[in-house]
Amino acid sequence: MSNTKKKIQEDVDVLEKETNQNEIVLFNDDVNTFDHVIDSLIDICDHTLEQAEQCALLVHYKGKCTVKTGEYNDLKPRCTRLLTNGLSAEII
């Protein structure tokens, strides 16, 4: 009987972790400056200056970068603001 309880608890733990795994992915473009991207990430995604600079470089050289992870309800307005600022982003 104790093995059954343990198995159920493990399943619940896994489900809780999966529900928080949405990400905002920022994509490279030829329009926005590094300063605009950095300022947007600091303002919208609550990045530090160093985090924002690193993400901007990754986007530039790799073509995309995950800039925020969390629950969909938190990410949706942030992604909308990034798009409003002229950046290319999506939630995955």
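Because the structure is predicted, anything quoted here is derived from the model rather than measured.

Comments concerning the overall build of the chain
Turning to step 1, where the next piece is worked out: If you tally the helices and strands in the chain, you get 4 helices and 3 strands.
Turning to step 2, where the next piece is worked out: Of all 92 residues assigned to the chain, the portion counted as buried reaches 26%.
Turning to step 3, where the next piece is worked out: Taking all contacts inside the chain whose residues are at least 6 apart in sequence as the whole, residues at least 24 apart take part in 66%.

Concerning the packing of helix H2 (residues 34-45) against helix H4 (residues 72-84)
Turning to step 1, where the next piece is worked out: Taken N-terminus to C-terminus, the directions of H2 and H4 make an angle of 155 degrees; their axes are 10 Å apart at the nearest point. When the interaxial angle is binned, H2 and H4 end up roughly antiparallel. In this structure, the crossing between H2 and H4 has a hand that is right-handed. Touching Ser40, Leu41, Asp43, Ile44 and Cys45 of H2 are Arg78, Arg81 and Leu82, all from H4.
Turning to step 2, where the next piece is worked out: Counted by class, the contact of H2 with H4 contains 4 nonpolar, 1 polar and 3 charged residues.

Quick look at the pattern of salt bridges
Pairing between side chains becomes possible if they bear opposite charge and their charged atoms approach one another.
Turning to step 1, where the next piece is worked out: Here the structure, examined in full by the defined rule, presents 3 salt bridges.
Turning to step 2, where the next piece is worked out: Among the ionic pairs, Arg78 bridges to Asp46, the shortest N-O distance being 3.1 Å. Of the two residues, Arg78 is situated in helix H4 and Asp46 in the loop between H2 and helix H3 (49-62); the sequence distance between them amounts to 32 residues.
Turning to step 3, where the next piece is worked out: Its salt-bridge partner being Asp74, residue Arg78 comes within 3.3 Å of it at the nearest N-O pair. Of the two residues, Arg78 and Asp74 are both situated in helix H4; the distance of 4 residues between them amounts to about one turn of the helix.
Turning to step 4, where the next piece is worked out: Its relative accessible area of 34% is what places Asp74 among the partly exposed residues.
Turning to step 5, where the next piece is worked out: A network of salt bridges, in which partner residues are shared, links Asp46, Asp74 and Arg78.

A few points about the sheet that holds strand S3 (residues 88-91)
Turning to step 1, where the next piece is worked out: Taken in spatial order, the 3 strands line up as S2-S1-S3 in an open sheet, and their pairing is antiparallel. Each edge of the open sheet is held by one strand with a lone partner, namely strand S2 (64-70) and S3. Between one strand axis and the next, the sheet turns through 20 degrees on average, direction left out of account.
Turning to step 2, where the next piece is worked out: Here strand S1 (residues 22-27) runs beside S2; their pairing, made up of 6 bridges, is antiparallel. Looking at the pairing, Glu23 lines up with Thr69 of S2.
Turning to step 3, where the next piece is worked out: Sitting on the sheet, H3 is in contact with S1 and S2, with an inclination near 135 degrees to S2.
Turning to step 4, where the next piece is worked out: Set on the sheet, H4 makes contact with S1, S2 and S3; between it and S3 the angle comes to about 165 degrees.

Conventions used here
- Residues numbered from 1 in each chain as written.
- Predicted model: local features only at pLDDT ≥ 70, side-chain atom pairs only at ≥ 80, totals over all residues.
- Heavy atoms only, no water.
- Helix = DSSP H or I, 4+ residues; strand = E, 2+ residues; numbered from the N terminus.
- Buried < 20%, exposed > 50% of the residue type's maximum accessible area, 1.4 Å probe, protein only.
- Contact = heavy atoms within 4.5 Å.
- Axes fitted to C-alpha atoms, helices over the stretch in contact; angles between N-to-C directions.
- Parallel < 35°, antiparallel > 145°, perpendicular 65-115°, else oblique.
- Left-handed = near helix turned anticlockwise from the far one by under 90°.
- Nonpolar A, V, L, I, M, F, W, Y, C, P; charged D, E, K, R; others polar.
- Salt bridge = Lys/Arg side-chain N within 4 Å of Asp/Glu carboxyl O.
- Pairing = 2+ DSSP bridges.

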